[in-house]
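Residue strings, one per chain:
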Amino acid sequence: MSFYVTTPIYYVNAEPHLGHAYTTIAADVLARHMRQRGEDVFFLTGTDEHGEPVALAAEREGVTPRELADRNAARFQALLPQIDASNDYFIRTSDPRHEARVQEVMQRVHDNGHVYKGIYEGWYCPRCADFKTETEIAEGNTCPIHKIPLDREREENWFFHLSRFQRPLERIYAERPGFVLPRQRSNEALSFIRSGLQDLSLSRSKLTWGVPVPWDPSHVFYVWFDALLNYVTALSFAREGEDLSARFWPPTFQLIGKDILKFHAVYWPALLLAAGLELPRHVFVHGYLLMKDSSGEKDKMSKSLGNVIDPFEVMERFGTDALRFYCLREVPFGQDGVVSTVGFESRYESELANDYGNLASRSLAMVARYRDGVVPDVEVDAALVADFEGLGDEVCALLDRAELTGALDAIWQRVRRLNRYVEEQAPWQLAKDPAAAQRLDVVLRSLVEGVRAVTVLLHPYMPATTEKLLAALGRPELALAGAAFGAAPGGAQVEALEQLFPKS
Ligand SMILES: [Zn+2]
């Protein structure tokens, strides 16, 4: 089966921060997991480069919008290897191939009769690149997100007949309860739809940094239309000489932050309906990683609020895998939650260094000491078989709903189970008693096999660490089919391993 996962494309004006890393890491976990299941995976991320905010920033700096976009897109591209993202392509919306495909799709929307020319007058936030509806305007005609005064804009625009799609969208929400996840976000989007959809400005005439409207080249498309279509256009040119659209469309999961819910849960499906394209199977809306600032106030981690933490520092000190693990472990994926350096250090120490890292190095060390580094070729312990029963299926079922934190927790329960097992069995005691040699064989084999089973399942979360550990276990295979506890035979030669998560 094909599995197509996307992140939002990141607005090129922003400085890459933990919020960007978070969505990309989450998409990466899904992509890696599905590859382990043998699915045909395509994982897309990229940068959103058009629109007024980029044009304005370029003007301020005295460079062209393209120069600014080139420079800033490079910073987002550089983030990907640092967080170990396994994306299959990186799309930039200033790519002429993207622009040509946007024009094709939008021409279809036009030819299907879903656009018209009109006058737009309304409150516009240049930082959001969004016209605000009456309910979205904060006190004193300010942007509730950016806290800056909104501009009153009046211009002749092309409009998208969004209002016509109110009923079709209501029907989709009724028929497909999993279209937008989690449920709470689906309800929010649906109530926005039910409150009445107004037609949407589709183009801007005062701007040149954008994709020209093919039937009226004095206009460029409103940046959101151009940006949303990246999910469609990338498939047509991501592989030289090959169109992947039939193979991967529609997306299986589109991950977004809740700040862009309206665009992805309302405008986006309407646009696809207008273009005659299939809708994504799931739009998954994650929450915010919140930081307590010195005043104890929680706020969204956003550059514009001056409340940025630097994921690069965490990765440099503790490694990429520790950051990946922490983001998905600390805050239930889909909800808001607080992240902090104190919380990070505590998880790092108690879970990564102790629960997991220590378990791994102890297990390997005991096989080396008591069995010359060869995993005994005996049956695994029936007591553990029961505790691992169905774990792989459970993880798959959770990740099929993008429950990244739930799946991680299910795996971690077994990590803890293995730690209890070591304490219960006390192999160092068994080793002193020649009559207990067979029992020691079973315990060592079970321990190593348990570590291997959880490590294969943890691979999407912590790719580098788990690969290193599986190599040391002499069983580098990543396929989930072989992940079940007891699936790998004994007899492997293991290698000693330094601490996977050294304490600082
Ligand atoms: Zn704004």
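Fair warning: this is a prediction, and the values are worked out from it, not measured in the lab.

1. Here we look at the overall build of the protein chain
Counting its secondary structure elements, the protein chain contains 19 helices and 17 strands. Rg of the C-alpha trace for the protein chain: 26 Å, near the compact-globule value of 23 Å for 504 residues, within the 12% margin. By principal-axis analysis of the C-alpha atoms, the protein chain measures approximately 90 × 50 × 40 Å. Here the protein chain holds 504 residues, and 58% of them are scored as buried. For the protein chain, contacts bridging at least 24 residues in sequence account for 76% of all contacts bridging at least 6. Of the accessible surface of the protein chain, which amounts to about 20500 Å², a share of 49% is contributed by carbon and sulfur atoms.

2. Looking at the packing of helix H11 (residues 311–318) against helix H12 (residues 320–330)
Remark: H11 packs on H12, axes separated minimally by 6 Å, with the N-to-C direction vectors making an angle of 120°. Comparing their axes, H12 and H11 come out oblique. On H12, the residues touching Pro311, Val314, Met315 and Phe318 of H11 are Thr320, Ala322 and Leu323. Within the contact of H11 with H12, the residues separate by chemical class into 6 nonpolar, 1 polar and no charged.

3. Focus on the coordination of the zinc ion
Protein coordination at the zinc ion: the donors are Cys125 (SG), Cys128 (SG), Cys143 (SG) and His146 (ND1), at 2.1 to 2.3 Å from the metal. The coordination sphere of the zinc ion comprises 4 donor atoms, whose angles at the metal cover 100 to 113°; the geometry is tetrahedral. Every donor residue of the zinc ion comes from the same chain, spaced as C-x2-C-x14-C-x2-H. Of this pair, Cys128 sits in the loop between strand E5 (115–125) and strand E6 (130–132) while His146 is found in the loop between E6 and strand E7 (151–160), placing the two residues 18 residues apart along the sequence. In this pair, the class of Cys128 matches that of His146, namely buried.

4. Points about the nonpolar core
In terms of nonpolar packing, the biggest core is built from 96 residues, with Leu328, Tyr356 and Tyr461 touching the most fellow members. Those residues within four positions of Tyr461 in sequence are excluded, and the remaining contacts are Val29, Asp321, Arg324, Phe325, Leu328, Leu399, Leu404, Ala407, Leu408 and Ile411. Counting residues in each nonpolar core, the second largest holds 67 residues, with Tyr89, Leu162, Leu197 and Leu244 among its members.

5. Concerning empty space enclosed by the protein
It is a probe the size of a water molecule, rolled over the atoms, that shows where empty space is left. Counted under the stated rule, the structure contains 1 cavity of 30 Å³ or more. Taken together, Val375, Arg445, Val448, Glu449, Arg452, Leu473, Arg475, Ala488, Pro489 and Ala492 make up the lining of the largest cavity. Considered class by class, the residues forming the lining of the largest cavity number 6 nonpolar, no polar and 4 charged.

6. Quick look at the sheet that holds strand E10 (residues 203–204)
Pairing is antiparallel in the open sheet, where 3 strands are placed in the order E10-E12-E11. Bordering the open sheet on either side are E10 and strand E11 (212–213), each of which pairs with just one other strand. Bridging between E10 and strand E12 (residues 216–221) involves 2 bridges; their strand directions are antiparallel. Residue pairing in the sheet places Ser203 in a bridge with Phe221 of E12.

7. Things to note about helix H16 (residues 404–425)
For H16, which comprises 22 residues, the first-to-last C-alpha distance of 32 Å matches the rise-based estimate of 32 Å (1.5 Å per residue) to within 8%. Following H16 by one or two positions, Ala426 has its phi on the positive side, about 40°.

8. Looking at the pattern of salt bridges
All chains considered together, the criterion is met by 39 salt bridges. Across the pair Glu121 and Arg152 runs a salt bridge whose closest N-O atoms are separated by 3.6 Å. Of this pair, Glu121 sits in strand E5 while Arg152 is found in strand E7, placing the two residues 31 residues apart along the sequence. Residue classification places Arg152 among the partly exposed positions, given a relative accessible area of 45%. Glu153 is paired through a salt bridge with Arg204; the nearest N and O atoms lie 3.1 Å apart. Of this pair, Glu153 sits in strand E7 while Arg204 sits in strand E10; the two residues are 51 residues apart in sequence, bridging distant segments of the chain.

9. Considering the pairing of E7
Strand direction decides the pairing type here: E5 and E7, joined by 10 bridges, are antiparallel. Considered in E7, the bridge of Ile119 is made with Glu156.

10. Let's talk about the packing of aromatic side chains
The tally for this structure, following the rule as stated, stands at 30 aromatic pairs. For the ring pair Tyr222 and Phe225, a centre distance of 6.0 Å and an interplane angle of 55° mean the geometry is tilted. Residue class for Phe225 comes out buried when judged on its relative accessible area of 4%. Among the aromatic side chains, those forming a connected cluster through ring pairs are Tyr4, Phe42, Tyr231, Phe248, Trp249 and Trp268. Positioned above the aromatic ring of Tyr124 is the side chain of Arg204, whose terminal nitrogen or guanidinium carbon lies 4.5 Å from the ring centre. Above the ring of Tyr370, the side-chain terminus of Arg369 is found at 5.5 Å from the ring centroid.

11. Focus on the sheet that holds E6
On the basis of which strands lie adjacent, the open sheet formed by 4 strands has the order E6-E5-E7-E9 and antiparallel pairing. A single partner strand is all that each edge strand has here, and the edge strands are E6 and strand E9 (200–201). Against the sheet, helix H10 (residues 261–275) engages E6, E7 and E9, with an angle of about 30° to E7.

Reading guide: rules and limits
- Residues numbered from 1 in each chain as written.
- Predicted model: local features only at pLDDT ≥ 70, side-chain atom pairs only at ≥ 80, totals over all residues.
- Heavy atoms only, no water.
- Helix = DSSP H or I, 4+ residues; strand = E, 2+ residues; numbered from the N terminus.
- Rg over C-alpha atoms; globule rule 2.2 N^0.38 Å.
- Buried < 20%, exposed > 50% of the residue type's maximum accessible area, 1.4 Å probe, protein only.
- Contact = heavy atoms within 4.5 Å.
- Areas by Shrake-Rupley, 256 points an atom, 1.4 Å probe, with all protein chains shown as cover.
- Axes fitted to C-alpha atoms, helices over the stretch in contact; angles between N-to-C directions.
- Parallel < 35°, antiparallel > 145°, perpendicular 65-115°, else oblique.
- Nonpolar A, V, L, I, M, F, W, Y, C, P; charged D, E, K, R; others polar.
- Donors = N, O, S within 2.8 Å, 3.2 Å for Na, K, Ca; no water.
- Tetrahedral: all angles 85-135°; square planar, octahedral: opposite > 155°, others 65-115°.
- Core = buried A, V, L, I, M, F, W, Y, C linked by side-chain atoms within 4.5 Å.
- 1 Å grid on protein atoms, 1.4 Å probe; cavity = no way out; pocket = protein on both sides within 12 Å on 5 of 7 lines; lining within 4 Å.
- Points joined across faces, edges and corners; volume = space filled by probe spheres on them.
- Pairing = 2+ DSSP bridges.
- Expected span 1.5 Å × (residues − 1).
- Salt bridge = Lys/Arg side-chain N within 4 Å of Asp/Glu carboxyl O.
- Phe/Tyr/Trp six-rings, centres within 6.5 Å; stacked < 30°, edge-to-face > 60°.
- Lys NZ or Arg CZ within 6 Å of the ring centre and 35° of its normal.

In short, the description is geometric, and any link to function would need to be established separately.
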